[in-house]
Amino acid sequence: MSGHKDILVFLEGHDAVQRLAFAAVQAARWKAHLTAVFIAAPMQATLDIGFAVGEAAIRSAFEHHRGLAETAERTAHDAFDALVAEHGLQAEWRYSHDETLERILSHARHCGLAMIGFPGRDANGPASLCEDIVLASGRPTVLVPPGWPAEVSGRRIVVGWNGSRESARALSDAMPLLEAADAVKLVLVAEERTAALVAGEEPGADIVRHLARCGVKASAEHVEKGNPGDVLLARAKDFGADLLVMGAYGHSRITELVFGGATRSILMKAALPVFLSR
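Quick notes on the rules
Residues numbered from 1 in each chain as written. Predicted model: local features only at pLDDT ≥ 70, side-chain atom pairs only at ≥ 80, totals over all residues. Heavy atoms only, no water. pLDDT = per-residue confidence, 0-100. Contact = heavy atoms within 4.5 Å. Salt bridge = Lys/Arg side-chain N within 4 Å of Asp/Glu carboxyl O. Buried < 20%, exposed > 50% of the residue type's maximum accessible area, 1.4 Å probe, protein only. Helix = DSSP H or I, 4+ residues; strand = E, 2+ residues; numbered from the N terminus. Core = buried A, V, L, I, M, F, W, Y, C linked by side-chain atoms within 4.5 Å. Axes fitted to C-alpha atoms, helices over the stretch in contact; angles between N-to-C directions. Parallel < 35°, antiparallel > 145°, perpendicular 65-115°, else oblique. Left-handed = near helix turned anticlockwise from the far one by under 90°. Polar contact = N/O pair within 3.5 Å; in protein donor to acceptor, adjacent residues only side chain to side chain. Expected span 1.5 Å × (residues − 1). Phe/Tyr/Trp six-rings, centres within 6.5 Å; stacked < 30°, edge-to-face > 60°.

Novice: Talk me through the confidence of the model for the protein; I want residue IDs and the actual numbers.
Specialist: Looking at the protein as a whole, its pLDDT mean stands at 83, while 77% of the residues score no less than 70. Note on residues 122-127: pLDDT is under 50 here. Beyond four places in sequence and across chains, it has seven contacts.

Written out as structure tokens, the structure is:
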């Protein structure tokens, strides 16, 4: 079976074992090499640290934090070794400690598909590592929600389509998944900036014919009104989808962060795996 031949999964300490299991199942499905990158959480400012006085107290606080990070890394590493043995995978473990963002991004750039958890659901929070990976890695990324069953993904796929460069890129990057799916549904959402791209007597007919030529049988639904992110999530739920495919950051990033937009809405609300590409 053709597809993504090297998969990388980022682990940031929370939900690491579940995400590892999901990535291992996908790697086994595609006969892909699996790389896991455990990212040690940075030390957070707390009251205890804030009131630490003297070199010994500060050193103790840092050593305590490092011990917690090393314990979390060992737990995840043990789970990784067990999953690799269970699925018979070719695999590699990496421990990322105090690496720059560019170095973290470079891990993703040397793979075909990256996986990571969703960012924190605080809409007013700062950009997370998840958003940096999607925006700047240059690789398609699957966002895995907490607790999602490891064996469920890519059988029923909803694709967000608006005729833009981003949606075309996502469709192309996800083609191996679409070819292997049991059912594919395109949801055409007309935004003001892309309405002309999905207009016509048969909205979506051209892209459905393109998919058919690639061996993908898909249906299309045209939705004229509604928040694109909310529309896609609602249609995915109605379709029983286990994967949503869409282009990321159709607007400039600062516009997405300040005013929302489809990508930001998906990041905050999605309860199923999301394949994002830019």
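Novice: Outline the pattern of salt bridges, supporting the account with residue identities and numerical values.
Specialist: Close approach of charged atoms allows side chains with opposite charge to pair. All chains considered together, the criterion is met by nine salt bridges. One salt bridge in this structure joins R94 and E92, with 3.0 Å as the shortest N-O distance. Judged by relative accessible area, which is 25%, R94 ranks as partly exposed. The class for E92 is partly exposed, based on a relative accessible area of 32%. One salt bridge in this structure joins R169 and D173, with 3.1 Å as the shortest N-O distance. Of the two residues, R169 and D173 are both situated in helix α6 (residues 165-173); the distance of four residues between them amounts to about one turn of the helix. We classify R169 as partly exposed; its relative accessible area is 35%. Several salt bridges share partner residues, and in doing so they unite K185, E221 and R235 into one network.

Novice: How would you sum up the nonpolar core? Please name residues and give values.
Specialist: Within the largest apolar cluster, 88 residues are counted, with the highest numbers of intra-cluster contacts made by F10, L20, L34, L178, L186 and L244. Per-element accounting of this core gives the leading share, eight residues, to helix α1 (residues 16-30). Those residues in contact with F10 that lie beyond four places of it in its chain are R19, V37, I39, I104, H107, A108, A114, M115, I116 and I133.

Novice: Tell me about the packing of helix α4 (residues 101-109) against helix α5 (residues 129-136), and please be specific about residues and values.
Specialist: The interhelical angle for the contact between α4 and α5, taken along N-to-C directions, is 55°, at an axis separation of 10 Å. One way to sum up the angle between α4 and α5 is to call them oblique. The hand of the α4/α5 crossing is right-handed. For the pair α4 and α5, contact is made by L101, I104, L105 and R109 and by L129, D132, I133 and A136, respectively.

Novice: Mind laying out the side chain of H4, listing which residues take part and the relevant values?
Specialist: Considering the arrangement of structural elements, one finds H4 in the segment before β1 (6-11). A distance of 3.3 Å separates the side chain of H4 from the backbone oxygen of D173, its partner in a polar contact. Dropping the residues within four chain positions of it, H4 is found in contact with W30, A32, G112, L113, D173, P176, L177 and F275.

Novice: Tell me about the side chain of S137, and name the residues and values.
Specialist: Looking at where S137 falls in the secondary structure, it is placed in the loop between α5 and β5 (141-144). With a relative accessible area of 4%, S137 lands in the buried category. Polar side-chain contacts of S137 include one of 2.6 Å to the backbone oxygen of I133. There is a polar contact of 3.2 Å between the side chain of S137 and the backbone nitrogen of R139. Among residues more than four places away in sequence, those in contact with S137 are L105, A108, R109 and D132.

Novice: Break down helix α9 (residues 228-239) for me, with residues and values.
Specialist: A rise of 1.5 Å per residue sets the reference length of α9, with its 12 residues, at 16 Å; its end C-alpha atoms lie 16 Å apart and thus fit the reference within 8%. Those residues of α9 that fall on the buried side of the exposure criterion are P228, G229, V231, L232, L233, A236 and F239. Its buried side turned inward, α9 meets β6 (156-161), β7 (183-189), β8 (218-223), β9 (243-247) and α11 (262-269). The residue sitting at the N-terminus of α9 and contributing the capping side-chain oxygen is N227; that oxygen lies 3.0 Å from the backbone nitrogen of G229. G240 sits one or two positions beyond α9 and adopts a positive phi of about 70°.

Novice: Run through the packing of aromatic side chains, naming residues and quoting values.
Specialist: All told, the structure shown has three aromatic pairs when counted by the stated rule. Note on F38 and W93: the rings are 6.3 Å apart at their centroids and 25° apart in plane angle, and the pair reads as stacked. With a gap of 55 residues between them, F38 in strand β2 (residues 33-39) and W93 in strand β3 (residues 91-96) connect regions that are remote in the sequence. W93 matches F38 in its accessibility class, with the two residues each being buried. Here the aromatic rings of F38 and Y95 are separated by 6.0 Å at their centres, their planes lie at 50°, and the arrangement is tilted. With a gap of 57 residues between them, F38 in strand β2 and Y95 in strand β3 connect regions that are remote in the sequence. An aromatic cluster is defined as three or more aromatic residues linked by ring pairs; in this entry it consists of F38, F80, W93 and Y95.

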